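Coordinate analysis (summary)
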Amino acid sequence: EGCVGNIFIHNPSAFDIDGDSLSYSLIDCAGINGSPILNYTLPQTFSTININEVTGDFVWNYPIMQQQVNIAILIKEHRKNSYGNWVVIGQMIRDMQIDIAYCTNNPPDIISTDRICVEAGQVINFNVTATDINFDQIDISATGGPFEVTDSAYFPIPFPSPGSVSSIFNWETDCSHIRQQPYYVVFKAEDNGNPNL
């Protein structure tokens, strides 16, 4: 869910176990039997609505009215062929419905590390904190590639807490984790306000 007048951000948190490169784009939604929807348009926005083609962050800045909308995200898997050229070897479409309401609730904020570069064998360890100015109870969780591999990362889910909640991301990397593409982790904080944001 999202709120009129507040930025809406979503990440599909896709991961390719083979280390292939993923790209993201917005496409028109389809209807019955995959037929195109005549005159489909993205929802109205105050400023911008787009998707980061590398990270998959869908950003709607910001909804201007109460509504239910549908979007479709095309996720493509790319790999270099024997000539060194990138080719698409697979793709999938993620459809989703977004409910936008008038709210007095504010979404939680997440404070975390943005980018880390390590050598195999090093330990990645940092704190992730979510705060809520409405002092709502907050749940925090994490998804992404480091949780999908052997000798995976660890992010203990803390008990929900009002106003602020923290946990520690920990990953003891090794040589099996080396790959051409970066690993992405998506941290999600959700409050128990009305609506849950």
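Heads up: the structure comes first, above all this text.
Procedures and definitions
Counting of residues starts from 1 at the beginning of each chain's written sequence and follows it residue by residue. Residues qualify for local features only when their pLDDT is at least 70, as the model is predicted, and side-chain atom pairs are given and counted only at 80 or more; totals for whole chains, interfaces and linings, by contrast, use all residues. For side-chain calculations, the full set of non-hydrogen atoms in the structure is used, while hydrogens and water are omitted. Think of a 1 Å grid over just the protein atoms. A cavity is a set of points where a 1.4 Å probe fits yet cannot get out, a pocket is an open set with protein on both sides within 12 Å along at least five of seven lines, and lining residues have an atom within 4 Å of a point. Grid points are joined across faces, edges and corners, and a volume is the space filled by probe spheres set on the points. Only DSSP runs of H or I with at least four residues qualify as helices, and only runs of E with at least two residues qualify as strands; both kinds are numbered from the N terminus onward. Only centres within 6.5 Å qualify two rings of Phe, Tyr or Trp (six-membered ring in Trp) as a pair; their planes then separate them into stacked at under 30 degrees, edge-to-face at over 60, and tilted for everything else. Exposure categories follow from relative accessible area, calculated using a 1.4 Å probe and restricted to protein chains: below 20% of the type maximum is buried, above 50% is exposed, and the middle band is partly exposed. Ring-over charges, as used throughout, are those where CZ of Arg or NZ of Lys falls within 6 Å of the ring centre and within 35 degrees of the ring normal. Nonpolar cores were defined as sets of buried Ala, Val, Leu, Ile, Met, Phe, Trp, Tyr and Cys residues, with membership established by side-chain atoms within 4.5 Å. Contacts are assigned to residue pairs with any non-hydrogen atoms lying within 4.5 Å of each other. Strands were regarded as paired on the criterion that DSSP finds at least two bridges between them.

This brings us to the layout of surface pockets. In this structure, the second largest pocket encloses a volume near 250 Å³. L22, V54, R179, P182 and Y184 are the residues nearest the centre of the second largest pocket, which is lined by 20 residues in total. No other element matches strand β3 (residues 21-27), which puts 3 residues into the lining of the second largest pocket.

Once that is clear, we can look at the packing of aromatic side chains. Across all of its chains, the model carries 9 aromatic pairs by this definition. On the numbers, 6.2 Å between centres and 70° between planes, the contact of F8 with F58 is edge-to-face. Pair noted here: F8 is in strand β2 (residues 8-10) and F58 is in strand β5 (residues 58-63), with a separation of 50 residues, a long-range link. Assigned by exposure class, F8 and F58 land together as buried. For the pair F126 and F187, a centre-to-centre distance of 6.1 Å together with 85° between the ring planes defines the contact as edge-to-face. Taken as a pair, F126 in strand β9 (residues 123-131) and F187 in strand β13 (residues 185-191) lie far apart in primary sequence, 61 residues in all. Exposure class is identical for F126 and F187. Each is buried. Linked through ring pairs, F126, F147, F155, F169 and F187 together constitute an aromatic cluster. Here R179 stacks its cationic end above the ring of Y183, 4.4 Å away from the centre of that ring.

Turning our attention to the nonpolar core. Looking at soluble globular proteins, one finds that nonpolar side chains tend to be buried together. Counting 18 residues, the largest nonpolar core has Y24, F58, W60, I71, I73 and I98 as the members making the most contacts within it. Those residues in contact with W60, other than ones at most four positions away along the chain, are N6, I7, F8, P43, Q44, T45, T48, I49, Q67, V69, I98 and I100. In terms of nonpolar packing, the next biggest core, distinct from the first, is built from 15 residues, F126, A130, A153 and W171 among them.

What follows concerns unusual backbone geometry. A cis amide bond links N61 to the next residue, Y62, at an omega of -5°. Turning to its location among the elements, Y62 is positioned in strand β5. Cis geometry is found at the peptide bond from N194 to P195, where omega equals 0°. Phi at S13 is positive, roughly 55°, even though this residue is not glycine. Relative to the assigned elements, S13 resides in the loop between β2 and β3. Exposure remark for S13: the relative accessible area of 23% places this residue in the partly exposed category. Although it is not a glycine, N33 adopts a positive phi angle of roughly 55°.

Another aspect to go through is the sheet that holds strand β11 (residues 161-162). Paired through their backbone hydrogen bonds, the strands of a sheet run either parallel or antiparallel. Spatially, β11-β10-β13 is the arrangement adopted by the 3 strands of the open sheet, whose pairing is antiparallel. Each edge of the open sheet carries a strand with a single partner, namely β11 and β13. Summarising the sheet, strand β10 (residues 137-144) and β13 pair through 7 bridges and their orientation is antiparallel. Its bridge partner lying in β13, T143 is registered against V186.

Along the chain, M96 falls in strand β7 (residues 86-101). Look at M96 and you get buried, because its relative accessible area is 13%. Spatially, the C-alpha atom of M96 lies 5.6 Å from that of I71, the residues being 25 residues apart in sequence. Ignoring anything within four residues of it in the chain, the contact list for M96 reads H10, V69, N70 and I71.

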